[in-house]
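Coordinate inspection notes
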Amino acid sequence: ALLKCAFEIWRNEIGHNDMASGRFLALLHVKQDIFILAALAIENDFMPVFDVLHIVEAALQYPITLSVDSLFTLCSVQHIKTKHDMMNGAFLHRLEDRVSQDSMICIEILNKLRKDITEETASFYMVAACAWSRAEPSAAVEYILVDAASDSILLRAQAIWTLGNLIARQQVPVNLSD
């Protein structure tokens, strides 16, 4: 019910920078993990997936504590519902913007993916790696290069795809692009 209420508020805020729906969810996050609530709403078809993701995006611009486990849960659940949709990257792009503010979260995400990457969590790799590269490009690219030589086909593929993306964005440090 709280997510539906936030969505009804959000519908009237489209295009605004300051969003009451996002502030509401950020405040709610102090008591209840909104990423878990969102994952449950998506998984149980309580709300359409993009309705849920839009309001979570609105909350990401406000100071909320990020839990890697909760983010993994949400990313896994949303992947199942959005993997064949052209809008599937919209939420991940906004998430990249948010996690780019905290290199330690990016590293924690990448370390977790290194241990256990799945089809459902694979797109989370580019989010964390590209976000980290904004703050510490050399360290991020060196980390990705190690993963590009991984025995895990899925991890290796994500690392190579991410390197290509960083090259296209011109975010590879000159000393590493040779």
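As a reminder, the structure under discussion sits directly above these lines.
Note that the structure is a prediction, hence the values are computed from the model and not measured. (Residues numbered from 1 in each chain as written. Predicted model: local features only at pLDDT ≥ 70, side-chain atom pairs only at ≥ 80, totals over all residues. Heavy atoms only, no water.)

A few points about the packing of helix H1 (residues 2-11) against helix H4 (residues 49-60)
In plain terms, the rule: Between N-to-C directions, angles cover 0 to 180 degrees, with each direction set by a line fitted to C-alpha atoms, over the stretch in contact for helices. The numbering of helices and of strands both runs from the N terminus, where a helix is a DSSP run of H or I of at least 4 residues and a strand a run of E of at least 2. In these notes the angle categories are as follows: under 35 degrees is roughly parallel, over 145 is roughly antiparallel, 65 to 115 is roughly perpendicular, and the rest is oblique. Every residue pair with non-hydrogen atoms within 4.5 Å of one another is taken to be in contact. Classification convention: Asp, Glu, Lys, Arg as charged; Ala, Val, Leu, Ile, Met, Phe, Trp, Tyr, Cys, Pro as nonpolar; all other residues, Gly among them, as polar.
Look at H1 against H4: their axes get within 9 Å of each other, and the N-to-C directions meet at 75 degrees. Between H1 and H4, the interaxial angle falls into the category roughly perpendicular. Listed contacts from H4 to Leu3, Ala6, Phe7 and Trp10 of H1 are Asp51, His54, Ile55 and Ala58. Among the residues forming the contact of H1 with H4, the class breakdown is six nonpolar, one polar and one charged.

Describing the pattern of salt bridges
Pairs can form between side chains of opposite charge whenever their charged atoms are close. Just so we agree on the cut-off: Put simply, a salt bridge is a Lys or Arg side-chain nitrogen that is within 4 Å of an Asp or Glu carboxyl oxygen. Three exposure classes are used, based on accessible area relative to the maximum for each residue type with a 1.4 Å probe and protein chains only: buried under 20%, partly exposed in between, and exposed over 50%.
Evaluation of the coordinates by the stated rule reveals nine salt bridges. Of the charged contacts, one joins Lys112 and Asp69 as a salt bridge, the two residues approaching to 2.5 Å between their closest N and O atoms. One end of the pair, Lys112, is in helix H7 (residues 103-115); the other, Asp69, is in helix H5 (residues 68-82), with 43 residues separating them in the sequence. Judged by relative accessible area, Lys112 falls into the partly exposed class, the value being 32%. One network of salt bridges, with partners in common, ties together Glu96, Asp97, Arg134 and Arg169.

Here we look at the nonpolar core
Convention followed: Side-chain atoms within 4.5 Å are what join buried Ala, Val, Leu, Ile, Met, Phe, Trp, Tyr and Cys residues into a set we call a nonpolar core.
Among the nonpolar cores identified, the biggest contains 63 residues, and Phe35, Leu74, Phe91, Leu95, Phe124 and Tyr125 are the most heavily contacted of them. Ranked by residues supplied to this core, first place goes to helix H8 (residues 123-135) with nine residues. Leave out the neighbours within four places in its chain, and Tyr125 touches Leu110, Leu113, Tyr143, Ile144, Asp147, Leu155, Gln158, Ala159 and Thr162.

Points about the packing of H4 against helix H6 (residues 88-99)
Put simply, the test is: Here a crossing is called left-handed whenever its near helix is offset anticlockwise from the far helix by less than a right angle, and right-handed whenever the offset is clockwise.
As a packed pair, H4 and H6 sit with axes 10 Å apart at the nearest point and diverge in direction by 15 degrees. Between H4 and H6, the angle falls in the class roughly parallel. Crossing geometry of H4 relative to H6 is assigned as left-handed. Packed against H4, whose contacting residues are Phe50, Leu53, Val56, Glu57 and Leu60, the element H6 presents Asn88, Ala90, Phe91, Arg94, Leu95 and Arg98 at the interface. Across the contact of H4 with H6, the residue classes tally to seven nonpolar, one polar and three charged.

A few points about the state of the cysteines
Our working rule: Disulfides are defined as pairs of cysteine sulfur atoms found within 2.5 Å of each other.
Counting across every chain of the model gives zero disulfides. In this structure Cys75 is not part of a disulfide, and its nearest cysteine sulfur, from Cys106, lies 12 Å away. Here Cys130 is not cross-linked by a disulfide; its sulfur's nearest cysteine counterpart is in Cys106, at 9.8 Å.

Interpretation in functional terms is not warranted from these geometric data alone.
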